[in-house]
Amino acid sequence: MKILVTVKEVAAVEDDFEIDGLAIDERYLEYDLNEWDDYAVEAAVQIAEAADEDVEVVAATIGPERSEETIRMALAKGADRAVRVWDDAIAEQSLLDVDAKVSVFEQVVAEEDPDLVLTGVQAADDAFGATGVALANRVGYQWAAVVNDLDYAAGDETATVRRELEGGVEEITEIDLPAVLSIQTGINEPRYASLRGIRQAQQKEIAPRDLSDLGLDAESVDGALELVDMYEPESESDATLFEGSAEDTAAELASVLRDKGVVGE
Amino acid sequence: MSDVLFVAEHRRGELRDVSYEGITAGRELADELGGDFHVAVVSGGVEAFAESLNTPEVDAIHTVDAGEEFDHDTYTAATEALHAEIDPAALVLPNSVNGLDYAPAVADELGLPYATDAVGIEYDGGLTVTREMYGSKVETTVDVAGDQFVVSIRGGEWAAASGAGDAEVSAFDFDESGVADGSRVQGFEEVGGGDVDIGDAEFLVSIGRGIEEEENLDLIRDLCDATGATLSSSRPIVDNGWLPKNRQVGQSGKQVTPKVYLAIGISGAVQHVAGMKGAETIIAINSDPNAPIFDIADYGIVGDLFDVVPALIEQFD
């Protein structure tokens, strides 16, 4: 069987940063594998490792050449190969919307014909949280969003998942395959890439694809959403801030705690 | 095509807060568009739900009597059928966990632009949505092209509608025979339990990513010992397996209302804040002066927790 995992290189922003036009200035960004996708990769690799049959794990990403470094982390953790889609038309988008992403992944699914697709619940940068379910609808797969427990063995025709609802309630659902599952953090413990894994990843294939390779044109990624402004939210803080040394601030805080009556004199 | 349709949300017999917040958001948008505001409620005790949702802001309520609980196949099909009937300019859905499980399918099926997790919506000849990116570090303005669109709204961003209205309530029938059955809800389970109920605590010391390493938790345990506080945490600590799930405060964890909530090394992501904003007094210790936790804190210390917490422990030794 085959598991496709959609992964994304996302930028983490330092505490202090500056915005340059419609983006955060490059100096304040550090790139990494999207946290949710890390859990999705781990879930896929665990299924493959536990299987009696051969399970291929393919990572698919939409990202520039630079993102190969990050995608190799997925390969180092056990994915067998990767597909990376990029194109000038994608680069030109101010914000690649859900429809555009799904149009690309739809073609990757058509090429790869996976039994199971795992995605992260959302990407830490644009936070749409919609690609997995929209993709499932587009390709006619079943789906479940915000999965924090997955009971599935390679070859099974159904998966049992838990969906993490708000307020500490979980929904238990049985899903027919093929399916797309969006994976929540905490579902497993993502492994660190071993040195051996990192070495092996250098030999694994990251196949570059542009839109024409996938039978698409620039219009397919010309989304309806356009980013027109980016700014730091205005602080609404009216907190009383204690200033000074750690000892001074701790003393003031201790006095508040005593005043509130939650600790004794 | 200037109407607005909002689909309410309920779970285990109760309408969720976002249902009333969505009424406020939907009404504002309908006023800007110059159309009527429709609310739909799907599954469960729809007649009783319709009565609660019938606030002065609503023009029409549609009940879809199909199944008891949320089922994404039913919700997707019912919403599409309602959309075909009402033909609204805007379809507004909650960006809740269940919203995440069907709204993207609806938008894709309808072939409409989809803006998610809106914290602000305006229509002035075109739809403009305010969204956050990079874990709430920046806010963005996004223009949405098209005469029709789908937008999902973040809970807690609009005031909840209340009061009695006189909207016409009508039952909406749609052809359920074609509804997919590829996923089947088997049941629900409460998570947590365990050794302590953080919901009962008067003084919570809550720790987040800022603690960096599991062994550093001992420092926070020492603080709890010195002050008699109960230890809780934000999501990453539980995801890492450093504390059990019953200690997690937040949207997907426990909602707490202690007398004092001391947040240490917690940035204050919206999902966390949803679980603790009801605390009487909120105190934050964080090295990032721009951390959103300071927006809701009553008292704060901008500093390194590894300096401040030992000094705080000394105050009580």
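For chain B, an unreviewed UniProt entry supplies the name Electron transfer flavoprotein subunit alpha/FixB family protein and the organism Halolamina litorea. Note on chain B: under the UniProt heading Sequence similarities (unreviewed entry), the record states "Belongs to the ETF alpha-subunit/FixB family."

Chain A carries the name Electron transfer flavoprotein subunit beta/FixA family protein in an unreviewed UniProt entry, which gives Halolamina litorea as its organism. As stated in UniProt under Sequence similarities (unreviewed entry), the record for chain A gives "Belongs to the ETF beta-subunit/FixA family."

Let us look at the sheet that holds strand β1 (residues 4–7) of chain B. Residues and elements named next belong to chain B. An order of β7-β11-β6-β1-β4-β5-β12 is seen for the seven strands of this open sheet, with the pairing classed as parallel. Strand pairing shows two members of the sheet lacking a second neighbour, β7 (114–118) and β12 (168–171), which therefore form its edges. In this sheet, adjacent strand axes meet at a mean angle of 20° when their direction is disregarded. Pairing analysis gives four bridges linking strand β5 (residues 60–64) to β12, with the strands arranged parallel. By the bridge assignment for β12, I61 is matched with V169. Sheet contacts for helix α2 (residues 46–53): β4 (37–42), β5 and β12; angle to β4, the most-contacted strand, approximately 150°.

On to the UniProt feature "domain: Electron transfer flavoprotein alpha/beta-subunit N-terminal" (unreviewed entry) in chain A, then. In the numbering used here, UniProt assigns the "domain: Electron transfer flavoprotein alpha/beta-subunit N-terminal" (unreviewed entry) feature to residues 21–218 of chain A. Secondary structure content for residues 21–218 of chain A is 31% helix and 29% strand, while the C-alpha to C-alpha distance between its ends is 24 Å.

For the rest of this paragraph, the subject is empty space enclosed by the protein. For the structure on display, the rule yields two cavities of 30 Å³ or more. The volume enclosed by the largest cavity comes to roughly 60 Å³. Forming the walls of the largest cavity are W143, A144, R163, E171, T173 and I175 of chain A together with F70, D71, H72, D101, S183 and V185 of chain B. Put simply, the parts of the chain that give the lining of the largest cavity at least two residues each are β9 (142–151) and β11 (169–176) of chain A together with β13 (183–190) of chain B. Of the residues that constitute the lining of the largest cavity, the class distribution is five nonpolar, three polar and four charged. Lining the second largest cavity we find A8, E9, H10, F70, Y75, N98 and Y102 of chain B.

Let us now look at the packing of aromatic side chains. All told, the structure shown has five aromatic pairs over all chains when counted by the stated rule. Judged by centre distance (5.3 Å) and plane angle (75°), the rings of Y75 of chain B and Y102 of chain B are edge-to-face. In this pair, Y75 of chain B sits in helix α3 (residues 72–86) while Y102 of chain B sits in helix α4 (residues 97–110), placing the two residues 27 residues apart along the sequence. Assigned by exposure class, Y75 of chain B and Y102 of chain B land together as buried. What links up through ring pairs into an aromatic cluster is the set F70, Y75 and Y102 of chain B. When the ring centre of F128 of chain A is taken as reference, the NZ or CZ atom of R131 of chain B above it lies at 4.2 Å.

Time to look at the nonpolar core. By size, the foremost hydrophobic cluster in this structure holds 112 residues, and its most contacted members are I24 of chain A together with L53 of chain B. Setting aside anything within four residues of it in sequence, one finds I24 of chain A in contact with V13, F17, E18, I19, L29 and M230 of chain A together with Y134 and V138 of chain B. Counting residues in hydrophobic clusters, the runner-up holds 39 residues, among them A40, I71, A154 and L177 of chain A.

Here the focus is the interface of chain B and chain A. Opposite the 79 residues of chain B that make contact, chain A presents 82 residues. With both chains or domains summed, chain B and chain A bury close to 7100 Å², and 54% of this area falls on carbon and sulfur atoms. Here chain B is connected to chain A by 11 salt bridges. Two residues, D108 of chain B and R138 of chain A, come together in a salt bridge whose shortest N-O distance is 2.7 Å. Summed over the shared surface of chain B and chain A, the number is 44 residue pairs in polar contact (both at pLDDT 80 or more). For the side of chain B that touches chain A, the per-class residue count stands at 31 nonpolar, 22 polar and 26 charged.

All right, on to helix α2 (residues 68–76) of chain A then. Residues and elements named next belong to chain A. Most of α2 is tucked away: seven of the nine residues are buried. Here α2 has its buried residues at E68, T70, I71, R72, A74, L75 and A76. Following α2 by one or two positions, G78 adopts a phi angle in the positive range, close to 130°.

Below, the discussion takes up the layout of surface pockets. Residues and elements named next belong to chain A. Here the second largest pocket is characterised by a volume of approximately 1100 Å³. For the second largest pocket, the lining is made up of 49 residues, of which K8, E9, L96, D125 and D126 are closest to its centre. When grouped by side-chain class, the residues that make up the lining of the second largest pocket number 27 nonpolar, 14 polar and eight charged.

Conventions we followed
- Residues numbered from 1 in each chain as written.
- Chains lettered and ligands numbered in written order.
- Predicted model: local features only at pLDDT ≥ 70, side-chain atom pairs only at ≥ 80, totals over all residues.
- Heavy atoms only, no water.
- UniProt positions renumbered as here; feature names shortened; annotations may be inferred.
- Pairing = 2+ DSSP bridges.
- Helix = DSSP H or I, 4+ residues; strand = E, 2+ residues; numbered from the N terminus.
- Axes fitted to C-alpha atoms, helices over the stretch in contact; angles between N-to-C directions.
- Contact = heavy atoms within 4.5 Å.
- 1 Å grid on protein atoms, 1.4 Å probe; cavity = no way out; pocket = protein on both sides within 12 Å on 5 of 7 lines; lining within 4 Å.
- Points joined across faces, edges and corners; volume = space filled by probe spheres on them.
- Nonpolar A, V, L, I, M, F, W, Y, C, P; charged D, E, K, R; others polar.
- Phe/Tyr/Trp six-rings, centres within 6.5 Å; stacked < 30°, edge-to-face > 60°.
- Buried < 20%, exposed > 50% of the residue type's maximum accessible area, 1.4 Å probe, protein only.
- Lys NZ or Arg CZ within 6 Å of the ring centre and 35° of its normal.
- Core = buried A, V, L, I, M, F, W, Y, C linked by side-chain atoms within 4.5 Å.
- Buried area = accessible area lost by both parts, 1.4 Å probe.
- Salt bridge = Lys/Arg side-chain N within 4 Å of Asp/Glu carboxyl O.
- Polar contact = N/O pair within 3.5 Å; in protein donor to acceptor, adjacent residues only side chain to side chain.

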